[in-house]
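Survey of secondary and tertiary structure
Here is what each chain is made of, one letter per residue.
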Amino acid sequence: MMQISTPFMPEKGVIRSIVPMAQDNYLFEFKTDTDRLAACKPGQFVELWVPGVGECPISVCSGRVTESIQLLVRRAGRVTNALFQMSEGDWAGLRGPYGHGFPVERYKGQNLCMVAGGLGIAPIRSLWQYVLDHRQDFGKVILIYGMRHSDEMLFREELKLLLHRGDIQVFLAADDATVCELPPFAMQVGRVTDMIRQAAIDHDFQVAICGPPVMYKYVIEELKAKHVTDQNIWLSLERQMKCGIGKCGHCFIGGRFTCQAGPVFQLADLKFVPELIECDNGGAQ
Amino acid sequence: MMDHCFVLAKDSFAEFFKSLSKLGRVYAPVKVSYQSYSFRQVESHEQIAFEALRTILPPKKYFYPTQETILRYNDGQIEEHKPEIDFQILFGVHPCDLAGLGIMDTIFTAGPADSHYLTRRQSSLIVGLSCMPDKHCFCQSMGTDCPESGYDLFLTDIGDDYLLEVRTAAGVKAVDPIMPLLRAAGQDDESRYKAFWSNRAQAFTNGFKPDNLRSVMAIEWDNKIWDEMADRCLSCGNCTPVCPTCYCFDLVDIASLNGTSGERRREWDSCQFVGFAQVAGNYNFRPGPVDRLKFWYRHKLHGFDDPFGFQTCVGCGRCTVSCPAGIDDIVSVVQALQATNQAKTKHDAN
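Residues numbered from 1 in each chain as written. Chains lettered and ligands numbered in written order. Predicted model: local features only at pLDDT ≥ 70, side-chain atom pairs only at ≥ 80, totals over all residues. Heavy atoms only, no water.

**Digging into the overall build of chain A**
The following threshold applies: Helix and strand definitions here come from DSSP, where helices need a minimum of 4 consecutive H or I residues and strands a minimum of 2 consecutive E residues; each element is numbered from the N-terminal end. Here the term buried applies to any residue with accessible area under 20% of the maximum for its type, exposed to any over 50%, and partly exposed to those in between, with areas from a 1.4 Å probe on protein chains only. Note on areas: these come from Shrake-Rupley sampling with a 1.4 Å probe, and a residue is covered only by the protein chains present in the view. Here Asp and Glu are counted as negative and Lys and Arg as positive; His is not counted, and neither are the chain ends. By convention, charge coordinates are those of NZ in Lys, CZ in Arg, CG in Asp, or CD in Glu.
Counting secondary structure elements, chain A contains 7 helices and 15 strands. With the C-alpha coordinates of chain A rotated into their principal frame, the extents come out at 60 × 45 × 45 Å. In chain A, buried positions account for 60% of the 285 residues. Per element, the accessible surface of chain A, about 11400 Å² overall, is 51% carbon and sulfur. The centroid of the 29 positive side-chain charges in chain A is displaced by 3 Å from the centroid of its 32 negative side-chain charges.

In structure tokens, the structure reads:
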């Protein structure tokens, strides 16, 4: 009889560093003994396990995964709360990488616009890091990042460096802003949709989007106004990806498992899918 | 066609059973209340309820238990928990449930394969048994009324005898000790066998035309019938554990009080529960009973089309009899959807 092992076996990731980001977001760096996660592509995710508490899917936010992997985690539920109690040197379980990330090979040779809202900046960061590592392969590169309040800005230091680079155009917007230490005029009061209107995007751009579910509809409308086609719009969807391997059924959407066919989908592929972005947020904003 | 078929006299069934029980634990349908049956371990052939049609739970529970430990951790060590399996024999599995097991096999074998399910499946022998449909059976409409695969042995009731089909190598091994009890099937047996299946095909009183089922599901996605049913849906989730092809699960941690050890367990979950599609930040992609009910119906009648392009309803009727709100009558729902769809087509033609 063939002996196979369970696909639910995590590997141990020792916390190498914890960097508090804005508000309830920490950047965790894990070190693992194997190179299973080294094949991670921008936009893929891992299942993060806190023993005794549970697992949750977290986007990989580093474009270069070597012996360590970075995860940006917001304290939002049981598992992440428990993770926030941990210290450097503690370990958590990691399974993955899972899913199809952003199709970087298809983006090559083309103009690229990345749109992030709130915590959606995490998978987008893995993309921009990849793109900047292979800058000569891409045309114009634009990054649009919107948040509710400028205090919530994630990767602030890294964004400062990006603002100084000439080969990526960065638009930052917040619904509400206080004084921030970014270069003058870098930050605007407004929404991502306002930034899309300002940016020089036209039909030949590939657009990668990640943000809260409510954001997609408005972003897609703006992109349509810019004549970007459904083939060139890529959405990273959030679902309850419990098993990560297309078995548990939680992340099923429009005939596919988000954990396997996604989480990054081409809009053209999702055109007739009910439940794509409509959802009830329980009255929360 | 009948060269792998033998005849077992019903009088010799006790011997056959005894021989099976030497191989391992035998599970078979047992009458557990006035109108319900359940797969249970049986010690004697007299405990078996041959008349049983649908058991409360389908036989999936022997390969995919309601809860099972996947791994354990202790002091920083993580270890896979391999299930300890004694060889098990499932007796009396009807064609609909065989089809259901076939679908479960496809799901759990698809990469990455599920070791816990497959280990149990590989140390089992499945003995199918023919049946006559009641008013809730509609396997004929779903094309699962004849046994095609997923069994090692299959018994067809042909009067005073059973026609015993031996399908697999494991089946050959299982019948080897009782070969003296069997005789090769002859022409008369073959006609009795054919007569049984043809009578059975005529015996269905419930069903629908399976044509265009998938497109009707898609076209009638916004039919008002869904809202009417959802108004009555209790979101109790009864329809999912009783379904032979519902396999959604949750992975949970059970920590011990010392805080350093515990286990990770898999438990059956239901798409009818409100939190099933909820993500962090309280976003819920299927907030209402109507969204969840349609989701379940879609899985059964349309299927998870991209990864596995088949419908997953096998027509056993379990959901229909176990729904406390009386809305899981798949046959009536399909008939209603088809009727609306046809009315529209006619209207358009005029």
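**Some points on the overall build of chain B**
Heads up, the rule is: Throughout, radius of gyration means the C-alpha value; the globule benchmark is 2.2 Å times the number of residues raised to the power 0.38. The contact criterion used is simple: two residues touch if any of their non-hydrogen atoms lie within 4.5 Å.
Scanning chain B for helices and strands turns up 11 helices and 14 strands. Relative to its length of 350 residues, chain B is compact, with a C-alpha radius of gyration of 22 Å against a globular reference of 20 Å. Looking at chain B as a whole, 56% of its 350 residues are labelled buried. Taking the intrachain contacts of chain B between residues at least 6 apart in sequence as the baseline, contacts between residues at least 24 apart amount to 73%. Here chain B displays about 15200 Å² of accessible surface, and carbon together with sulfur accounts for 50% of that area.

**A word on the environment of A:His203**
On the secondary structure map, A:His203 appears in the loop between helix H5 (192-198) and strand S11 (205-210). In this structure A:His203 comes out as partly exposed when scored by relative accessible area, which is 49%.

**Observations concerning the sheet that holds strand S7 (residues 111-117) of chain A**
Residues and elements named next belong to chain A. Put simply, the rule reads: A pair of strands is considered paired only if DSSP assigns at least 2 bridges between the two. Angles shown run from 0 to 180 degrees and are taken between the N-to-C directions of axes, each axis being a line fitted to C-alpha atoms and, for helices, limited to the stretch in contact.
Here we have 7 strands laid out as an open sheet, ordered S10-S9-S8-S7-S11-S12-S15, and mixed in their pairing. The open sheet has two free edges, formed respectively by strand S10 (187-189) and strand S15 (264-266), since each of these has just one partner strand. The mean angle between the axes of side-by-side strands here comes to 20 degrees, regardless of whether they run parallel or antiparallel. Here 6 bridges tie S7 to S11, and the two strands are oriented parallel to one another.

**A closer look at the interface of chain A and chain B**
Convention followed: What makes a salt bridge here is a side-chain nitrogen of Lys or Arg within 4 Å of a carboxyl oxygen of Asp or Glu, nothing more. Under the rule applied, a polar contact is a pair of N or O atoms within 3.5 Å (in protein, one hydrogen donor and one hydrogen acceptor; residues adjacent in sequence only if both atoms are side-chain atoms).
Taken together, the contact pairs 49 residues of chain A with 50 residues of chain B. Residue B:Asp250 pairs with A:Lys242 through a salt bridge whose shortest N-O separation is 2.6 Å. The tally of links from chain A across to chain B stands at 16 residue pairs in polar contact (both at pLDDT 80 or more).

**Description of the environment of A:Gly93**
As for its position among the elements, A:Gly93 is in strand S6 (residues 91-98). Taking the relative accessible area as the measure of exposure, A:Gly93 reaches 0% and is therefore buried.

**A short note on the nonpolar core**
Put simply, the rule reads: Residues grouped as a nonpolar core are buried Ala, Val, Leu, Ile, Met, Phe, Trp, Tyr and Cys residues, joined through side-chain atoms within 4.5 Å.
Judged by nonpolar contacts, the single largest core of 90 residues is most densely connected at B:Trp226, B:Tyr297, B:Leu301 and B:Ile330. Per element, the largest residue contribution to this core is 7 residues, and it comes from helix H2 (residues 95-109) of chain B. Excluding residues within four positions of it along the chain, B:Ile330 makes contact with B:Phe138, B:Phe208, B:Trp296, B:Tyr297, B:Leu301, B:Cys313, B:Cys319 and B:Thr320. With 65 residues, the next largest nonpolar core counts A:Met187, A:Tyr216, A:Leu223 and A:Leu235 among its residues.

**Section: the pairing of strand S12 (residues 233-236) of chain A**
This is how the line gets drawn: A clockwise path from the first strand over the helix to the second, with the strands pointing away from the viewer, defines a right-handed crossover.
The side-chain alternation of S12(A) yields two buried faces, one formed by A:Ile233 and A:Leu235 and the other by A:Trp234 and A:Ser236. Regarding the hand of the β-α-β motif, the stretch spanning S11(A), helix H6 (residues 213-225) of chain A and S12(A) is right-handed.

**Points about the sheet that holds S6(A)**
Residues and elements named next belong to chain A. Spatial strand order, S4-S3-S6-S1-S2-S5: 6 strands in an open sheet with antiparallel pairing. Lying at the two open borders of the sheet, with one neighbouring strand each, are strand S4 (54-59) and strand S5 (68-74). Pairwise comparison of adjacent strand axes, ignoring direction, gives a mean angle of 40 degrees for this sheet. Here 4 bridges tie strand S3 (residues 45-50) to S6, and the two strands are oriented antiparallel to one another.

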